[in-house]
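Chains, contacts and geometry: an overview
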Amino acid sequence: MWSFSRWSGEPARRSFLIALAVALSVGLYLGWSGLRGAIGFPLDDAWIHQTYARNLVEYGQWAFLPGRPSAGSTSPLWTLLLAVGYGLGLPFRLWTYGLGGLCLVGTALLSARLAGRLFPNHPSIPLLAGLAAALEWHLVWAAVSGMETLLFVWLALALWDRVIAGPSRRPFLTGLLGGALVLTRPEGAVAVGLAAVGAAWAEATDGRWRQGLTAAGWMAAGTGVVVAPYLALNFHLSGTLWPNTFYAKQAEYAALLAQPLTVRLWRVGTAPLVGAQALLLPGLIGGMARAARRGLRGSAAAWWLPLIWAAATAAIYALRLPVTYQHGRYLIPVVPVILTYGTGGTLALLARIGRWGRTHGAPLLRAWALSIAVLFLAFLLLGARAYATDVAIIEGEMVAVARWINEHTGPDALIAVHDIGAVGYFARRPLLDLAGLVNPEVVPFIRDEARLMAWLEAQGADYLVTFPSWYPTLTADPRLEEVYRTGAAVTVEQGGENMAVYAIRWGR
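Residues numbered from 1 in each chain as written. Predicted model: local features only at pLDDT ≥ 70, side-chain atom pairs only at ≥ 80, totals over all residues. Heavy atoms only, no water.

Here we take up the overall build of the protein chain. On a plain count of helices and strands, the protein chain comes out with 23 helices and seven strands. By the compact-globule yardstick of 23 Å for 508 residues, the protein chain fits well, its C-alpha radius of gyration being 24 Å. When its C-alpha atoms are laid out on the principal axes, the protein chain stretches across 80 × 50 × 50 Å. Every one of the 508 residues in the protein chain was classed for burial, and the buried ones make up 56%. Counting only contacts in the protein chain whose residues sit at least 6 apart along the sequence, the fraction spanning at least 24 positions is 71%. Carbon and sulfur atoms make up 65% of the accessible area of the protein chain, which totals about 20700 Å². (Helix = DSSP H or I, 4+ residues; strand = E, 2+ residues; numbered from the N terminus. Rg over C-alpha atoms; globule rule 2.2 N^0.38 Å. Buried < 20%, exposed > 50% of the residue type's maximum accessible area, 1.4 Å probe, protein only. Contact = heavy atoms within 4.5 Å. Areas by Shrake-Rupley, 256 points an atom, 1.4 Å probe, with all protein chains shown as cover.)

Following this line, the structure appears as structure tokens:
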């Protein structure tokens, strides 16, 4: 017979239930997409990782284009994991979905364990926090996106779990974990820096300042061992320490920095709150208020680190890359932090309301808890529909264009394209990357269409692939002739436009 306290109190049963919830949620998203007729990825960037991974196995090169090594992969660790599947000869989609599902299981289990450390007086909190992560629509979407997001989240939670459990416990190993986090996404460096400072502060405020500084130093050393070769590779390939996309994205969306900072902070800060987690905010704030009364010494200081990291991540994106497209995917890593603290704080708050009075508190308890549960399920379904639509658009636009190029252009045709992922994977043609990942030389004039046209002419491009409105001046040039347009109905239904291929006649 079902007993919530029994399942929440026994780690093995709790882990099984959380893993089952992940399997069901991932199956829902893939099944919904399959019923719509599209099995793939909801982002063109996922195909960039696939191309790097495949080329690493087939050619032994860290290159998007064979023969041209480049620093265009934001997540080398994710690319390496994908390459394992190619090396084993496994179906790449199945392998990628499996990795994403595994990362979601790890994320949910670590959310449960971290919640238990943060709120040790409430035995039901770990199970509820784990289930919240397993069913939260952003996280499920990310798990089957083909992207590194959930690997980054998993490693970040593992880092915070170690720091909160004991700041000075094997700090070199914690640093190695931090290095893996940076290899998954460059912004992992923010988490590592905070972890090192937090460990030093926690020990110093307990009177062990020398031990704290030593721990921070060993963390930095462990991270450096992992990250230094990656930075050296980037510098060798492109002359910069970070991958090309780190700079290209900021240049492409620099116009957004003209918005007032308050507007950027609001847009970026609220993106991770779309979902049931919005109802957890009162509990999160209540938990912070109770924690503030404990002060900022020792382990009490470590309690705050994941929250500080989440706030810092949102602030950095608001300052440098204030974009919220694709369901705010750059802010998805902070969602588990909101869920973990929000779940723990909400359960503690509900318990206090329950003690306040059965007559007045019980109806509120039931209504609040029911609302949270209903919203989790509602957004899970809405997210599945959104995922299926996203995949259908990528398959109907980028993948369709890539297959057309593969069938209707010569093997030496030079293709200029903004979204290079699917074209690079399926067409295997020489490419000019208008987004600057493979051709970083375009980053200084990435939004200057006149200079882009001059660059395309100097390079001798044969075709341009883009959404027409992205480059209205380029696509209106009389030397460009439209030779193909996808006609994907789903894109138009969602208010978008179809991608087109233009043959370039330089002689005109």
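Moving on: the sheet that holds strand β3 (residues 415-417). Taken in spatial order, the five strands line up as β4-β3-β5-β7-β6 in an open sheet, and their pairing is mixed. Looking at strand neighbours, the two that pair on one side only are β4 (431-433) and β6 (480-485), the edges of this open sheet. Going across the sheet, the axis of each strand differs from the next one's by a mean of 25°, ignoring polarity. Most of the contacts of helix α21 (residues 449-459) go to β4, to which it runs at about 160°, and overall it touches β3, β4 and β6. (Pairing = 2+ DSSP bridges. Axes fitted to C-alpha atoms, helices over the stretch in contact; angles between N-to-C directions.)

Within the largest apolar cluster, 127 residues are counted, with the highest numbers of intra-cluster contacts made by Tyr29 and Trp47. For this core, the leading source of residues is helix α19 (residues 358-408), giving 16 residues. Core analysis: the next-biggest nonpolar cluster, separate from the first, contains 18 residues, Phe445, Ala461, Tyr502 and Ile504 among them. (Core = buried A, V, L, I, M, F, W, Y, C linked by side-chain atoms within 4.5 Å.)

Their axes nearest at 10 Å, the elements helix α2 (residues 11-35) and helix α5 (residues 92-118) cross at an angle of 140°. By the angle between their axes, α2 is oblique relative to α5. For the pair α2 and α5, the sense of crossing is right-handed. The segment α2 lies against α5, with Ser15, Ile18, Ala19, Val22, Ser25, Val26 and Leu30 engaging Tyr97, Gly101, Leu104, Val105, Ala108, Leu109 and Ala112. The residue makeup of the contact of α2 with α5, split by class, is 11 nonpolar, three polar and no charged. (Parallel < 35°, antiparallel > 145°, perpendicular 65-115°, else oblique. Left-handed = near helix turned anticlockwise from the far one by under 90°. Nonpolar A, V, L, I, M, F, W, Y, C, P; charged D, E, K, R; others polar.)

Our next topic: helix α16 (residues 305-320). Taking 1.5 Å of rise per residue, 16 residues should cover 22 Å, and α16 covers 22 Å from first to last C-alpha, within 8% of that figure. Within the span of α16, buried status applies to Leu305, Pro306, Leu307, Trp309, Ala310, Thr313, Ala314, Tyr317 and Ala318. (Expected span 1.5 Å × (residues − 1).)

Before going further, it helps to spend a moment on unusual backbone geometry. Located in the positive-phi region is Gln326, a residue other than glycine, with phi close to 55°. Along the polypeptide, Gln326 turns up in helix α17 (residues 325-328).

This next bit is on helix α9 (residues 171-184). For the α-helix, the turn length of 3.6 residues means that residues three or four positions removed from each other point alike. Counted at 1.5 Å a residue, the expected span for α9 with its 14 residues is 20 Å, and the 20 Å between its end C-alpha atoms agrees. Here α9 lies mainly inside the structure; 11 of its 14 residues are buried. Those residues of α9 that fall on the buried side of the exposure criterion are Pro171, Thr174, Gly175, Leu177, Gly178, Gly179, Ala180, Leu181, Val182, Leu183 and Thr184.

Among the five residues in strand β7 (residues 500-504), five count as buried, and that is most of the element. Here β7 shows two buried faces, one formed by Ala500, Tyr502 and Ile504 and the other by Val501 and Ala503. Across four bridges, strand β5 (residues 463-466) lies against β7 in antiparallel orientation. Across the sheet, residue Leu464 finds its bridge partner in β7, namely Tyr502. As judged from the five bridges shared by β6 and β7, these two strands associate in the antiparallel manner. Along β7, the bridge assignment pairs Arg485 with Ala500.

Of the residues in the protein chain, 94% reach a pLDDT of 70 or more, and the chain-wide mean stands at 89. Looking across the protein chain, the model is least confident in helix α1 (residues 4-9), with a mean pLDDT of 55, and most confident in helix α7 (residues 137-143), with 98. (pLDDT = per-residue confidence, 0-100.)

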